[in-house]
Every structure is written in structure tokens, then in C-alpha cells.
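Descriptive analysis of the structure
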Amino acid sequence: GSWIETNSIYGLIVWNGVVLEKDIGNALLDAYAKCGCLQEAHKVFVGLPSRDIVSYGALISGCSLHGNSIDALELFDSMKHAGIKPNGLIFPCVLKCCGTLGIIYHGMLMHKDVNNYGFDSDLVVLNALVDMYANCGSMMDAQKVFEYLPFKNVVSWSALIAGYVQNEQYLRAIDCFERMQDEGVEPNKSTYLSSLKACGCARSLAHGRLLHERILRNGLELDVMISNTLVDMYCKGGELDAAREVFDRIQSPDEITWNVMISGYVQQGEHEEALNLFRQMEREGVCANQVTFIVALKACCTDSF
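First, a word on what this report is: a plain description of the structure on this page. As the structure is a computational prediction, the values presented were derived from the model and not from experiment.

Observations regarding the overall build of the protein chain
For the protein chain, the count of helices and strands is 18 helices and zero strands. Over its C-alpha atoms, taken along the principal directions, the protein chain stretches across nearly 70 × 50 × 35 Å. Once local pairs closer than 6 in sequence are excluded, the contacts in the protein chain between residues at least 24 apart make up 59%. Of the roughly 15600 Å² of accessible surface on the protein chain, 54% is carried by carbon and sulfur atoms. Of the charged side chains in the protein chain, 24 are positive and 37 negative; the average position of the first set lies 4 Å away from that of the second.

Here it is, written out as C-alpha cells:
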């Protein structure tokens, strides 16, 4: 819902003198939180006659979703002090906040809470733990949680692969993708994006081409994010012709696509091609951004390469 609609409904509640009972209050709180009106949501929260798991969950989820991580963690602590047991929906929210802030100590305390409250077999919560440790830079802990999982789904594998990429352990990410294939788990878009990035950064084009074949079989090359990452992978590996083939097949390249291809030419010393593509971008009416201009200027300064 939108902020305007939520405010209108709140106005009607006040106008009609409806007492803000818990159910109405929770629904209003949830609506405000989801559309990012966290101050209004907090006012409703404070005004509730009593607060339950739904009240806390709505506000914690809203804070997590809209980047207010510290408030979400503080709310989690006050919820525990109020004697309210967290549920399987709240843990992923607060674990995400620990990862966003990179506070591994707080994340480890949260891991203890996961065990103490009996969520140590909940796959969604455990996947969030893998992601949290990866975001905090502790791949050893992420790997430990991953290996402990009773069942590993595509989200589990994707979280670990993304973690290795984020922490610049590209060969481990590629190995992890191969293990995933051996286990017969079908990758999703997130898995492909991370794995392609790993192949590009590791300059492992042999693995990258196999990934590309799989993407083609699954009809995913039409996805602009996947196409952009494919172009970037081939550029990083110095395979400009392969990158350009992918680029030319993209129906509506966005500014990121153009930037990646132009940058690829510049990185490999193909300055004239870079400038030709920059001119083509202008002719096709695609708005250049700051990155485009920086790369184009580098192409002009051939003596610096």
C-alpha cells in the first residue's frame, strides 16, 4: 500500500473514534512499515494498548526492509526483554541487519538465540545465518552452518556462492557451483549472477563458457542483468569478440550494458572501438552517466595506457 492510502485510513479511524485495538493497530503498523513510513509506524507501535509478536514483527521487518538496521536490532532486544519469543519470520530480518552492519559479534549472539529458541533446524533461518556470516566476512562460519544444514536448497547454495564472491574467494565460489550441480540443485538467477562474476574475476573462461551454455539452454540470456554479467565476464577474460556477441544480442541494452562493453574495450586497449561504441550509444539516445564519461575520457587518453 501507499503512504497516502494508509494515512487516509488512519484518518478515518481517528475521525470515527475507533479505539486503536491490537488487531487494527497491528494492521495499520504493518501498512506503515511496509511503505517505509517508519516514524508513523513507530508512533502506532508506541500507542498500542499491548504489543505481541505481530506488532514487533511488523516493525522489525519494516526497519530491516528500509535500511534501519540498528533500530531493528534494538527492537529485537526489547521484544526478548518483554518475554515474547521470536518466530521464524523475525530471525531472517534481524540476521540480515547484522550482516548489513557487519557486526559479527552481534551475529554470533543472534546465532545463540537461534539455537536457544529452537530454530536450529529451520532452513529459512539457517540460510539467513549463512548469508549473515558471509556478509560479516567470516566464510569459515558460513561454511560451518552450510555443512550443518539438514537439507540444502538453491537459496543455501546461492548464499554461500555469493559469500565467496563478496569475500573475493572466486575459485571456491566456482567449486561450490560445481558441487551444487553434482547435487542436482537447479541454479536460480542469483546463483548465475554470482557464479558468472566469480568466473570473470578469476579469469576462468572455461567455467564461464559452460555457465553460458547452461544459461542459453534455460533461456536466461534475455535477462538484462545476466547478459550484463556475461558481457563483463568475457571482457575481464579478454574475450572481446564473445562479449560483443552477447552485447549485440541484447534487445534493449541499458546504460550499465553500454558501460560494461565500453569499459571492456578500454581495459583491453581497444580505444577506437570504445569511442565508436560511445558514439553509437549517443546515436541510439541512451543517456550516458558519470561512469560512461569517465570511461570514454580514458579511451581518449591513449597515452596513459
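Now that the structure has been shown, we can carry on.
A look at unusual backbone geometry
In most cases, non-glycine residues show a negative phi, while peptide bonds are predominantly trans. The phi angle at Glu-168 is positive, at roughly 60 degrees, despite the residue not being glycine. Inspection of the secondary structure assignment puts Glu-168 in the loop between helix H10 (154-166) and helix H11 (170-182). Residues other than glycine seldom take positive phi values, yet Arg-203 does so here, at roughly 55 degrees. Summarising the element assignment, Arg-203 is placed in the loop between helix H12 (189-201) and helix H13 (205-217).

Examining a nonpolar patch on the surface
The grouping of Ile-70, Leu-101, Ile-103, Tyr-105 and Leu-109 at the surface amounts to a nonpolar patch, some 460 Å² of accessible area in total. Checked against the element boundaries, Ile-103 lands in the loop between helix H6 (90-101) and helix H7 (104-116).

Structural notes on the side chain of Asn-127
Along the chain, Asn-127 turns up in helix H8 (residues 123-135). Residues contacting Asn-127, with those up to four places away along its chain left out, are Leu-149, Asn-153, Val-155, Ser-156 and Ala-159.

Concerning helix H5 (residues 69-81)
Helix length check: H5, at 13 residues, gives a terminal C-alpha distance of 19 Å against a target of 18 Å (1.5 Å per residue), a fit within 8%. Among the residues making up H5, those that are buried are Ser-69, Ala-72, Leu-73, Leu-75, Phe-76 and Met-79. Relative to the axis of H5, the buried residues are bounded by an arc of 160 degrees and lie together on one face. Packed against the buried residues of H5 are helix H3 (38-47), helix H4 (53-65), H6 and H7. Residue Gly-83 follows H5 closely and has a positive phi angle near 80 degrees.

Some words on a negative patch on the surface
Taken together, the side chains of Asp-241, Glu-245, Glu-270 and Glu-273 make up a negatively charged region of the molecular surface. Along the polypeptide, Glu-273 turns up in helix H17 (residues 271-283). A relative accessible area of 34% places Glu-273 in the partly exposed class.

Digging into the nonpolar core
The biggest cluster of nonpolar side chains holds 95 residues, and the ones touching the most others in it are Ile-60, Val-231 and Met-261. Looking at this core element by element, the count peaks at nine residues for H8.

Some details on the packing of aromatic side chains
Counted under the stated rule, the structure contains seven aromatic pairs. For the pair Phe-146 and Trp-157, a centre-to-centre distance of 4.9 Å together with 75 degrees between the ring planes defines the contact as edge-to-face. Of this pair, Phe-146 sits in helix H9 (residues 139-148) while Trp-157 is found in helix H10, placing the two residues eleven residues apart along the sequence. One aromatic cluster is present, formed by Phe-76, Phe-91, Tyr-117 and Phe-119 through successive ring pairs. One cation-aromatic arrangement involves Arg-51 over Phe-45; the distance from NZ or CZ to the ring centre is 5.0 Å.

Procedures and definitions
- Residues numbered from 1 in each chain as written.
- Predicted model: local features only at pLDDT ≥ 70, side-chain atom pairs only at ≥ 80, totals over all residues.
- Heavy atoms only, no water.
- Helix = DSSP H or I, 4+ residues; strand = E, 2+ residues; numbered from the N terminus.
- Contact = heavy atoms within 4.5 Å.
- Areas by Shrake-Rupley, 256 points an atom, 1.4 Å probe, with all protein chains shown as cover.
- Lys, Arg positive; Asp, Glu negative; His and termini not counted.
- Charge placed at Lys NZ, Arg CZ, Asp CG, Glu CD.
- Patch = residues over 30% accessible without salt bridge, like charges linked within 9 Å, V, L, I, M, F, W, Y side chains within 5 Å.
- Salt bridge = Lys/Arg side-chain N within 4 Å of Asp/Glu carboxyl O.
- Expected span 1.5 Å × (residues − 1).
- Buried < 20%, exposed > 50% of the residue type's maximum accessible area, 1.4 Å probe, protein only.
- Arc of directions from axis to C-beta.
- Core = buried A, V, L, I, M, F, W, Y, C linked by side-chain atoms within 4.5 Å.
- Phe/Tyr/Trp six-rings, centres within 6.5 Å; stacked < 30°, edge-to-face > 60°.
- Lys NZ or Arg CZ within 6 Å of the ring centre and 35° of its normal.

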